[in-house]
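Chain residues, written in single-letter form:
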Amino acid sequence: MSAGYFPKREKVGLEDLFRGLVTAGHILHREEVTGEYGGHVSVRSPDNPATYWMSCALSPALVSSADDLVEYNVEDSSPVEKDAKTGFLERFIHGEIYKKFPAINCVVHGHTSEVLPYCVTDVPLKATTHLAGFLGGNIPVWDASAHAPSGSKQHLLVTDAKLGASLAAAFKPATSAGFIYSKVRSALPAQLAGNPPDPSREPDHAVVLMRGHGFTTVATGIEEAVYQSVYLKRAAKTQTAALTIHNAYFGHTVEGKVDVEGGGKIKSAKVKPEGSLKYLTDKEAHDAWEANQPIVGKSWALWCREVEVSPFYRNECPGSED
Ligand SMILES: [Zn+2]
């Protein structure tokens, strides 16, 4: 037993953890963060930080009992039980993040379609609303192709520990500037954290985008990781809509020199957008994420109720009531 994972609870046992993990997968499916096979969620073991749990290779929507869950070693993402059910190829994302960041207890990976445009266009995804302050203004985009050995399959998937470690490193670049996630996390009450916060071993970013693939987000608890996944998607939708109407309304201007002798052509022309989107400043992102912590638990409670009353989802893990 150890503290953390769920804000209202002082201790969490495996039963609670399993129930929460299954519910998290249902919420991520219902909120369309993960599609049929478009992602997975994992949690670090509360009794043993050297292992973590995630479902076998099932759609998160169909995971329903402890029999669907597999325990993996953080060291190499091998299953603890040799006869474990077949797992996700990309479990190395989870294992390598737990290895690098001791305070991280929950990881979500998704292929969410609303986020994908920001994984391929070089348009930076930034915090547009107070509810997405955790994004800050400088989300890294990690490119698997830059790290896959030459001659290997170029499928953009994270299917080994080396690629997983490379992705994990993107959460804490050698130099970080602007909004730094760990500075907010470490300032928050310890009840949200599974381990005592240590900024030097916490990620600088809550989210890393993955070129041509999707995203991964990390947190100290299940509720927070699910919140970040849902609000990452919503922030992407908001930004896309804002960019669309902004460009339609304001248009662009062309700047350059008119070449009179050349027939009036414009030389060295540059196209500039008029106006600008008003993203959150780094301080606004920091303060908004700090102020909105109570919303994380409230959102979780609502989403839990929604999946509990839906006959589509089954959660047969016993767990204890809040
Ligand atoms: Zn993936």
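The rules behind these values
- Residues numbered from 1 in each chain as written.
- Predicted model: local features only at pLDDT ≥ 70, side-chain atom pairs only at ≥ 80, totals over all residues.
- Heavy atoms only, no water.
- Helix = DSSP H or I, 4+ residues; strand = E, 2+ residues; numbered from the N terminus.
- Expected span 1.5 Å × (residues − 1).
- Phe/Tyr/Trp six-rings, centres within 6.5 Å; stacked < 30°, edge-to-face > 60°.
- Buried < 20%, exposed > 50% of the residue type's maximum accessible area, 1.4 Å probe, protein only.
- Core = buried A, V, L, I, M, F, W, Y, C linked by side-chain atoms within 4.5 Å.
- Donors = N, O, S within 2.8 Å, 3.2 Å for Na, K, Ca; no water.
- Tetrahedral: all angles 85-135°; square planar, octahedral: opposite > 155°, others 65-115°.
- Pairing = 2+ DSSP bridges.
- Contact = heavy atoms within 4.5 Å.
- Axes fitted to C-alpha atoms, helices over the stretch in contact; angles between N-to-C directions.
- Salt bridge = Lys/Arg side-chain N within 4 Å of Asp/Glu carboxyl O.
- Polar contact = N/O pair within 3.5 Å; in protein donor to acceptor, adjacent residues only side chain to side chain.

Student: Explain helix α5 (residues 222-250) residue by residue, including any values.
Tutor: With 29 residues, α5 ought to run about 42 Å at 1.5 Å a step, and its terminal C-alpha atoms sit 41 Å apart, in line with that. Positioned one or two residues after α5, Gly251 has a phi angle of 70°, which is positive.

Student: An account of the packing of aromatic side chains is needed here, citing residue identities and associated values.
Tutor: Following the criterion strictly, the structure yields 10 aromatic pairs and no others. Ring centres 5.2 Å apart and planes at 45° place the aromatic pair Tyr52 and Tyr98 in the tilted group. Linking Tyr52 in strand β2 (residues 51-55) with Tyr98 in helix α2 (residues 91-100), this pair joins segments that are 46 residues apart in sequence. Using a relative accessible area of 2% as the deciding quantity, one classes Tyr98 as buried. Ring pairing ties together the aromatic residues Phe134, Tyr227, Tyr231, Trp289 and Trp303, which thus form one cluster.

Student: Can you tell me about the nonpolar core, naming the residues and giving the values?
Tutor: One finds Phe134, Leu135, Val207, Leu209 and Val226 to be the most contacted residues of the largest nonpolar core, which totals 53 residues. Among the elements of the structure, α1 (14-30), β1 (39-44), β4 (106-110), β6 (207-210), β7 (214-219), α5, α6 (282-291) and α7 (293-308) are those that each provide at least two residues to this core. For this core, the leading source of residues is α5, giving 9 residues. Ile93, Ile97, Val208 and Val218 belong to the second-largest nonpolar core, a separate cluster that totals 26 residues.

Student: Quick one: what's the story with the coordination of the zinc ion, residue by residue and with numbers?
Tutor: Looking at the zinc ion, one finds its protein donor set to be Glu90 (OE), His109 (NE2), His111 (NE2) and His213 (NE2), positioned 2.0 Å from the metal centre. One can describe the donor arrangement at the zinc ion as tetrahedral, given that its 4 donor atoms subtend angles of 97 to 135° at the metal. Motif for the zinc ion, donor spacing along one chain: E-x18-H-x1-H-x101-H. By relative accessible area, which is 27% here, His111 ends up partly exposed.

Student: So what about the sheet that holds β4? Which residues, and what values?
Tutor: What the 7 strands build is an open sheet, ordered β3-β2-β1-β4-β7-β6-β5; its pairing is mixed. Lying at the two open borders of the sheet, with one neighbouring strand each, are β3 (69-73) and β5 (141-142). Across the face of the sheet, α5 comes into contact with β1, β4, β6 and β7 while running at roughly 150° to β7.

Student: Which residues make up the pattern of salt bridges, and what values go with them?
Tutor: Taken as a whole, this structure holds 11 salt bridges when the rule is applied. For Asp68, the salt bridge goes to Lys85, with nearest N and O atoms at 3.7 Å. Residue Asp68 is found in the loop between β2 and β3, and its partner Lys85 is found in the loop between β3 and α2; the two are separated by 17 residues along the sequence. Residue Asp68 is classed as buried on the basis of its relative accessible area of 10%. On the basis of relative accessible area, Lys85 is assigned to the partly exposed category, the value being 43%. Of the charged contacts, one joins Lys172 and Asp204 as a salt bridge, the two residues approaching to 3.1 Å between their closest N and O atoms. Of the two residues, Lys172 sits in the loop between α3 (161-170) and α4 (181-185) while Asp204 sits in the loop between α4 and β6, which places them 32 residues apart along the sequence.

Student: Go over the side chain of Thr216 with me, naming the residues and quoting the values.
Tutor: Considering the arrangement of structural elements, one finds Thr216 in strand β7. Judged by relative accessible area, which is 0%, Thr216 ranks as buried. A distance of 3.2 Å separates polar atoms of two side chains, one belonging to Thr216 and the other to His109. Dropping the residues within four chain positions of it, Thr216 is found in contact with Ile93, Ile97, Val107, Val108, His109, Leu167, Phe171, Ala206, Val207, Val208 and Met210.

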